[in-house]
Amino acid sequence: MPPFTEDAHPSADSPRAAEDARGITRNFLSVLAPDGCSQAEATLLTVSELVTNAIQHACGVTGFGLRAAEETVTVHVANASPAPPRKRDTPPWEPGGFGWPLGRF
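Keep in mind it's a predicted model, so treat the numbers as computed, not measured. (Residues numbered from 1 in each chain as written. Predicted model: local features only at pLDDT ≥ 70, side-chain atom pairs only at ≥ 80, totals over all residues. Heavy atoms only, no water.)

S.K.: Is there a simple way to think about the overall build of the protein in this case?
M.R.: The helix and strand inventory of the protein stands at three helices and three strands. Listing the helices and strands of the protein from first to last along the sequence gives β-α-α-β-β-α. Looking at the protein residue by residue over its 105 residues, the buried ones come to 24%. Carbon and sulfur atoms provide 56% of the accessible area of the protein, an area that totals close to 7,300 Å². (Helix = DSSP H or I, 4+ residues; strand = E, 2+ residues; numbered from the N terminus. Buried < 20%, exposed > 50% of the residue type's maximum accessible area, 1.4 Å probe, protein only. Areas by Shrake-Rupley, 256 points an atom, 1.4 Å probe, with all protein chains shown as cover.)

S.K.: Explain helix α2 (residues 40–57) here, please?
M.R.: Spacing of three or four residues puts side chains on the same side of an α-helix, whose turn is 3.6 residues. Given a rise of 1.5 Å per residue, 18 residues ought to cover 26 Å, and the 26 Å separating the end C-alpha atoms of α2 matches this to within 8%. Those residues of α2 not exposed but buried are A40, T43, L44, V47, S48, V51 and A54. Buried residues of α2 fall within an arc of 135 degrees about the axis and therefore sit on the same side. Exposed residues pointing more than 90 degrees away from the buried face of α2 are listed as E41, L45, Q56 and H57. Turning to α2, the residues buried within the fold contact α1 (18–32), β2 (61–69) and β3 (72–79). C59 lies just past α2 and shows a positive phi near 70 degrees. (Expected span 1.5 Å × (residues − 1). Arc of directions from axis to C-beta. Contact = heavy atoms within 4.5 Å.)

Written out as structure tokens, the structure reads:
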């Protein structure tokens, strides 16, 4: 893997659908690991979830970027919502509401 590669997409080029974001990510990962890697599917799933959430819950994607460093890939998704994320107090048996706490690592 190269020591550092970046592929950032300003708001005008931001993906409008999760499928578009996955395509951008596949291209990005193919440069980093042309033969594939075990983490590629996890990265594609993460991108898909983040972009889908921005579209469904935050008025759309306004920024998208991918950055690779030694053994890491950082995914950046900005959204159009002016409101900060808020914690949902939902019972564990109800679907949804876990994305924001899981994304903070």
